[in-house]
Amino acid sequence: MRSEPITKRPAIDSSQLLPGSLRATIIAGSCFLLSLSLTNSLGSMAAAAGVVVGILSCEHYLKHPVLIQVRTAVIVVLIALALFLGISLAAKLSSLPIASDLLGPMGAFNASEAIRWFTLTLAIAWLLRTLARRTSMGAIIEILFVAFAFVLTLAAHRNGMINRPFLLGDFAITRGIDPSTILLGIGVSAVLGLSALLMMEQNHRRLPYHFVILGLLCLSLVAYVRLFGLPSPQLTNDLGLTGQSSQGSGSASENPFRDGENNTDDKEAPVAVVVFRDDYEPLNGSYYFRESAYSQFNGTMLDFSTHPEMDRDLIGHFTSDRAEAEVLPEATDQRKLVRATIGMLVPHRSPFGLVSPIAYENTPNPNNLRFKRTYDSISLAPEYDFEFMLGRELGHEDWSPEVWQEYLTLPDDPRYGELAAELVTGLRPQYADDPFAKAWAIKTYLDENGIYSLRNEHAYEPDPAASFLFGDLTGYCMHFAFAATYMYRSLGIPARVGIGYSVPETNRGGGSALLVQAIHGHAWPEIYFRGIGWVIVDPAPQRTLVDMSTDPQNELQQLLGDMLRDEAAFEQFLQSQQTSFIDFELLRRILVNAILAALVTAYLIKFYRFWLPGHGAINHQYRSCYRATLDALAAIGFTRRAGESREAFAQRMSAVSPAMQAITQAHLSVALGGTRFESHSSAEWQAMTKEVRKDIQSRTPLWRRAIGTINPFSWLYAR
């Protein structure tokens, strides 16, 4: 009796054990990161375990003779079916009374989560490995999946929002660690993981060598950060406040109107944190932090002053010890001494402080990786109401006529004076000559008629303020501030444009720390009243075409404040947040854009492979023309089977295209060295390709050809 041969299970290939284990570790780590915000710790561990089991079993069983004969589409369907059964089992387990009785409610829930995530990641691992082994694009899909997992996990950590994602941020901060340190480590791991996946598709023997080199490169990045600090957010709408430090006031080197550079892309980027040492509530609902001022007319517009007697209240340089203002604000009985510590997260050209700063003191930097510079600001902050300004005279008693004139100079445009005079005609007789009442009338006009917008082109006009004021009255803070200052000056009111930050009082949230963000960059007009000092009279347009609001950043604000205070423990602040850090709307947009990009790319590749025959080099025509015929057959559903020779495939396709045998023989003759590529001209290769296409057109139903034309990925199946 003749016995049938027993099919043995394939032996484990020890040469593939290390690459397979490394691949399993990398993808398991990716799935673990993705699951952290979506399930509990047991579910995350099950997710990692599912990947490891899936990949290692794939490496072993996909080589089985039985599975080799199974089509890829059938395997994908089986994977989907197994996933459905596993998810259904997990859902059923959590709702079964017997499971709750045996395991308890939490035990049943944990078991359900473990089964759900183990099944999900097991299916993902099998799918990725099957596609990687059986398709030309499978390895790329596997690498993209790992990259997507890392990017999605860290997507919220942008523009300096160091507390996001919350899961990693909370873990770091509760241990007194800057979250960026952990994120740098994850980034290094991602680079190593992706590089390892790429190298595993090539030469395994050189893998350890390449891995060591990449590790050294990543360590050099960490060393660079330790030496030079963390990267700073790149800001666009900072009004020129950030940049290299200045030594003195000097002349402005660039146009302060930056219409083309202003946008809200980086509006949440933090630029500094202020810790108040004394409590203070601002007059008008906003904390104003003055950095500098435009006060001297340079023939075109207001500029930084170069006159030694102007702006003596400003401190325009950083100090290693203590710097004081030459002229202090007056009406000290109406002011409060406020001390605050300021930590700059990005470099600034000049120090800034709460209006009105009278001194800056250098302080030790408690975290030189996080803060670019730290110092104390001492200010005499105003506490008077607006009625206190009524009936006041203008200017400082020590101003010379030259200084007076400098604070009144404006462009040679009579329209400023004409409009200002018209606006103050409606004042009541008792206020007709009052400077503050006149300024308030001008402010009210801009409030009611101005429109706040970042989209305008006034900066390219000879006088941007005039283009704004006598044009569409649409602009941002710089336009309002310059226009108001010019109109104040036209009425004999000494004024300048202050620049710095304006932060809503509500952002403080009851704590001592206040986060300053890029969106808070601001410019405003100031008037000098005798016996008081520089007073802010800032227009606030009632209409706006751009959303300038930001989400509350209380946790980041308090974190940076704790860092600046150099407090050893952060536990009282940090309670792990349960909210998912995944922005599903952003994820939806990313997925839609990724799908569109994939479709466009696939169509471009398909067109290129169709166009290449007859246009490439003659020594590549045998390959490109033959590949074009394979693409044409794949589009209508005919592909070469696993293990099938090219000759056998051509013979099988003779019913669809008899011409396929001729081009196959010609292709193999050149590819295997039987003849030289010059034996056929480019025209002959094109003619053979066209014959195959004609056969397909005449012997294939229209609907099948239409589907093949529409399908952007049909060329992926050609082999």
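Here goes a summary of the coordinates provided. Computed from a predicted model, the values in this text were never measured in an experiment.

Cut-off values and rules
- Residues numbered from 1 in each chain as written.
- Predicted model: local features only at pLDDT ≥ 70, side-chain atom pairs only at ≥ 80, totals over all residues.
- Heavy atoms only, no water.
- Axes fitted to C-alpha atoms, helices over the stretch in contact; angles between N-to-C directions.
- Helix = DSSP H or I, 4+ residues; strand = E, 2+ residues; numbered from the N terminus.
- Parallel < 35°, antiparallel > 145°, perpendicular 65-115°, else oblique.
- Nonpolar A, V, L, I, M, F, W, Y, C, P; charged D, E, K, R; others polar.
- Salt bridge = Lys/Arg side-chain N within 4 Å of Asp/Glu carboxyl O.
- Buried < 20%, exposed > 50% of the residue type's maximum accessible area, 1.4 Å probe, protein only.
- Pairing = 2+ DSSP bridges.
- Contact = heavy atoms within 4.5 Å.
- Patch = residues over 30% accessible without salt bridge, like charges linked within 9 Å, V, L, I, M, F, W, Y side chains within 5 Å.
- Areas by Shrake-Rupley, 256 points an atom, 1.4 Å probe, with all protein chains shown as cover.

Between helix H4 (residues 72–95) and helix H6 (residues 105–134), the least distance of the axes is 8 Å, while the angle of their chain directions is 175°. Comparing the axis directions of H4 and H6 gives the class roughly antiparallel. Along the lines of polarity and charge, the residues of the contact of H4 with H6 split into 18 nonpolar, six polar and two charged.

This part takes up the pattern of salt bridges. Tallied over the entire structure, the rule returns 18 salt bridges. In this structure, the salt-bridge partner of glutamate 324 is arginine 322, at a minimum N-O distance of 2.8 Å. Using a relative accessible area of 37% as the deciding quantity, one classes arginine 322 as partly exposed. Linked through salt bridges whose partners overlap, the residues forming this network are Arg290, Asp311, Asp313, Arg496 and Glu526.

Taken in spatial order, the five strands line up as E7-E2-E12-E14-E15 in an open sheet, and their pairing is antiparallel. At either margin of the open sheet sits one strand with a lone partner, and together these are strand E7 (353–354) and strand E15 (533–536). This element, helix H15 (residues 477–490), spans strand E2 (286–294), strand E12 (495–504) and strand E14 (521–529) of the sheet and lies at about 15° to E14.

What follows deals with the pairing of E15. By the bridge criterion, four bridges tie E14 to E15 in an arrangement that is antiparallel. Bridge assignment links tyrosine 528 to a residue of E15, and that residue is tryptophan 534.

Cis geometry marks the peptide bond from valine 355 to serine 356, where omega comes out at -5°. If you trace the backbone, serine 356 turns up in the loop between E7 and strand E8 (357–362).

Taken together, the side chains of Val592, Ile595, Leu596, Leu599, Tyr603 and Ile710 define a hydrophobic patch exposed on the protein surface, amounting to about 540 Å² of accessible area. With five residues, the single largest contributor to the nonpolar patch is helix H17 (residues 584–611). Considering the arrangement of structural elements, one finds valine 592 in helix H17. The exposure class of valine 592 is partly exposed, given its relative accessible area of 37%.

That is the geometry; function is a separate question.
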